[in-house]
Amino acid sequence: MIALVTVETVVLVILSVLVVGLLRGYATVLSRLHELDSGSGSAAPPFRTIPEVPEPVQQRIEGRAEWAPAHDIEGVSLTGEIISARTVGVEHDTVLAFLTSGCEGCAGFWQELEKDWAVPGGSRVLVVAKGPEHDSPEQLAGLCPPGVDLVMSSQAWTDFGVPGSPYVMVVDGRTGRVKGEGSGQSFSQVGGLIAQAVGDSRRRIVKPAADREREEDVDRALLAAGITPADPSLYGTLPDGPSTSDAGAGRPR
Amino acid sequence: MTPRLSGHGLDIQLPARWEGRIYQRTAPAVSPATAARTAAINSPGGQPHPVMHLANFALPASRGDFGTGAVETMGPQHIFVAVVEYAADCLDTALYAPRGIPTLTAAQFNPNGLQRRIVGQSGFQHFFTEGGRPFCLYVVLGSHRHAAALCGEVNTVLGRLEVVPA
């Protein structure tokens with residue numbers, strides 16, 4: 001009897017070890033798959049160099065390097081409402097339409113606002129006019145349809161560096177960056193820009209871990225050779241002209 | 001630096017993700033409880049009183065004093081706060097006897113505390129006097145289930161609110 005119990009116990013222990021081993025194997029496989037799927041973060045990781053590599057001078061970015069920083073908007077409505085609207089660090093994207101009461105090119109935008117122009121992807125639309133010191137609230141009231149969110153803010157025009165009117169910008173709420181901008185005769189005309197900008201934020205680039213490791217290896221090799229970020233040799237031909245055999249060395253990465 | 005919303009004797013340094021608006025209404029504000037019983041809101045000839053709306057989501061342009069038009073767009077993690085000032089003749093009444101901007105607890109929120117019941121949401125209404133001015137505080141949480149977590153965010157916002165004495 002004792003021998004039977006002993007044998008059963010040994011078998012049970014062996015089976016337990018096997019089960020634990022199997023579970024661990026599954027966990028390892030799942031972990032690897034998770035890494036290949038770019039990790040658990042829902043957003044792309046912020047840009048940063050590896051510890052040994054200094055960051056490029058005056059190029060520190062948190063989101064997308066090619067996007068200019070956006071700004072929250074503070075101003076007043078046509079009814080005197082004091083407004084502080086967020087465009088940065090929020091879940092939604094914001095379509096900013098910089099319009100004035102006097103510009104002929106803005107007419108198409110005002111007309112489409114009256115027709116309840118469909119905003120792509122649940123984005124918010126803010127019409128940004130210059131402050132009362134630069135534009136006429138009475139004329140704007142005559143142009144702006146009821147229910148349209150209009151903010152009078154000369155500061156916003158300055159903050160965003162608006163070159164003229166009409167001008168449309170699309171702000172990515174999560175990164176707080178301007179991810180699309182342009183001008184046209186109407187929302188429909190710049191609709192492609194807006195749709196593309198809004199759509200881009202939903203198509204996240206999944207970068208496999210292997211690619212990331214390869215990039216780090218390249219960075220280390222360049223660093224070992226004394227080539228740091230913003231080094232001229234990374235972006236153009238060398239001053240004295242390389243020999244034919246190594247002509248590719250001066251090409252952009 | 002986070003934006004500051006200031007006007008009509010109300011001032012707040014907005015926390016991250018929060019935005020706000022302040023406007024004046026000429027008609028006497030009607031509390032959610034009263035508004036539910038009567039459709040007559042506007043009363044010509046009333047004194048203008050400020051209404052402050054704060055939210056951690058995009059506030060639409062058209063909103064009622066107690067958030068109609070905005071609360072319908074809320075998600076589970078969203079919060080709407082209305083601070084509505086009433087006429088000075090409300091002072092010294094029992095309703096406005098509580099002094100100071102309150103600190104809230106999750107237990108104070110109730111789905112029946114909403115002006116208009118929306119599935120999942122929870123509301124709280126409180127009348128108080130601050131700086132010699134009578135106010136109604138009305139808060140809507142996007143999810144009653146998350147009241148404990150959202151309530152902390154509400155208190156952070158209320159802790160930043162300053163009222164200029166009358």
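Preceding this section is the structure that the text describes.
What you see is a predicted model; the values in this text were computed from it and never measured. (Residues numbered from 1 in each chain as written. Chains lettered and ligands numbered in written order. Predicted model: local features only at pLDDT ≥ 70, side-chain atom pairs only at ≥ 80, totals over all residues.)

(A) Representation of the overall build of chain A within the structure. Regarding its fold elements, chain A presents six helices and eight strands. Going residue by residue from the N terminus, the α and β elements of chain A occur as α-β-β-β-β-α-β-α-β-α-β-β-α-α. A burial count over chain A gives 25% of its 253 residues as buried. Long-range pairs, those at least 24 residues apart, make up 65% of the contacts in chain A between residues at least 6 apart in sequence. (Helix = DSSP H or I, 4+ residues; strand = E, 2+ residues; numbered from the N terminus. Buried ≥ 20, exposed ≤ 12 C-beta atoms within 10 Å, placed from the backbone. Contact = placed C-beta atoms within 7 Å.)

(B) Inspection of the interface of chain B and chain A at higher detail. Facing the 14 residues of chain B at the interface are 17 residues of chain A. Residue assignment for the side of chain B that touches chain A shows that the elements contributing at least two residues are strand E1 (4-7) and strand E3 (19-25) of chain B. With five residues, the single largest contributor to the side of chain B that touches chain A is E3(B). Bridging between strand E3 (residues 82-85) of chain A and E3(B) involves three bridges; their strand directions are antiparallel. Of the residues in E3(B), the one forming a bridge with A:Ile82 is B:Ile22. (Pairing = 2+ DSSP bridges.)

(C) Summary view of the environment of B:Arg63. All names here are of chain B. By secondary structure assignment, the location of Arg63 is in the loop between strand E4 (49-55) and strand E5 (79-85). Sequence spacing of Arg63 and His53 is ten residues, and the spatial spacing of their C-alpha atoms is 9.3 Å. In contact with Arg63, not counting residues within four places along its chain, are His53, Thr68, Gly69 and Ala70.

(D) Highlighting the nonpolar core. Counting residues in each nonpolar core, the largest one holds 83 residues, and the members touching the most others are A:Val128 and B:Val81. Among the elements that line this core, the one with the most residues is strand E7 (residues 133-141) of chain B, at seven residues. Residues within four places of B:Val81 in sequence aside, it is in contact with B:Leu54, B:Ala55, B:Val139, B:Val154 and B:Val157. (Core = buried A, V, L, I, M, F, W, Y, C linked by C-beta atoms within 7 Å.)

(E) Broad picture of the pairing of E7(B). Residues and elements named next belong to chain B. For E7, the tally of buried residues reaches nine of nine residues, placing the bulk of the element in the interior. Of the two faces of E7, the one holding Arg133, Phe135, Leu137, Val139 and Leu141 and the one holding Pro134, Cys136, Tyr138 and Val140 are both buried throughout. Inspection of the sheet shows strand E6 (residues 122-130) paired to E7 by nine bridges, in the antiparallel sense. The residue of E7 that forms the bridge with Thr129 is Pro134. Here E6 folds back onto E7, and the loop between the two strands holds two residues, one of which, Gly131, carries a positive phi near 60°.

(F) Representation of unusual backbone geometry. Here the residue pair A:Ser165 and A:Pro166 is connected by a cis peptide bond, since its omega of -5° sits within 30 degrees of zero. Considering the arrangement of structural elements, one finds A:Pro166 in the loop between helix H4 (154-159) and strand E7 (167-172). With phi around 75°, B:Arg17 is a residue other than glycine that occupies positive phi space.

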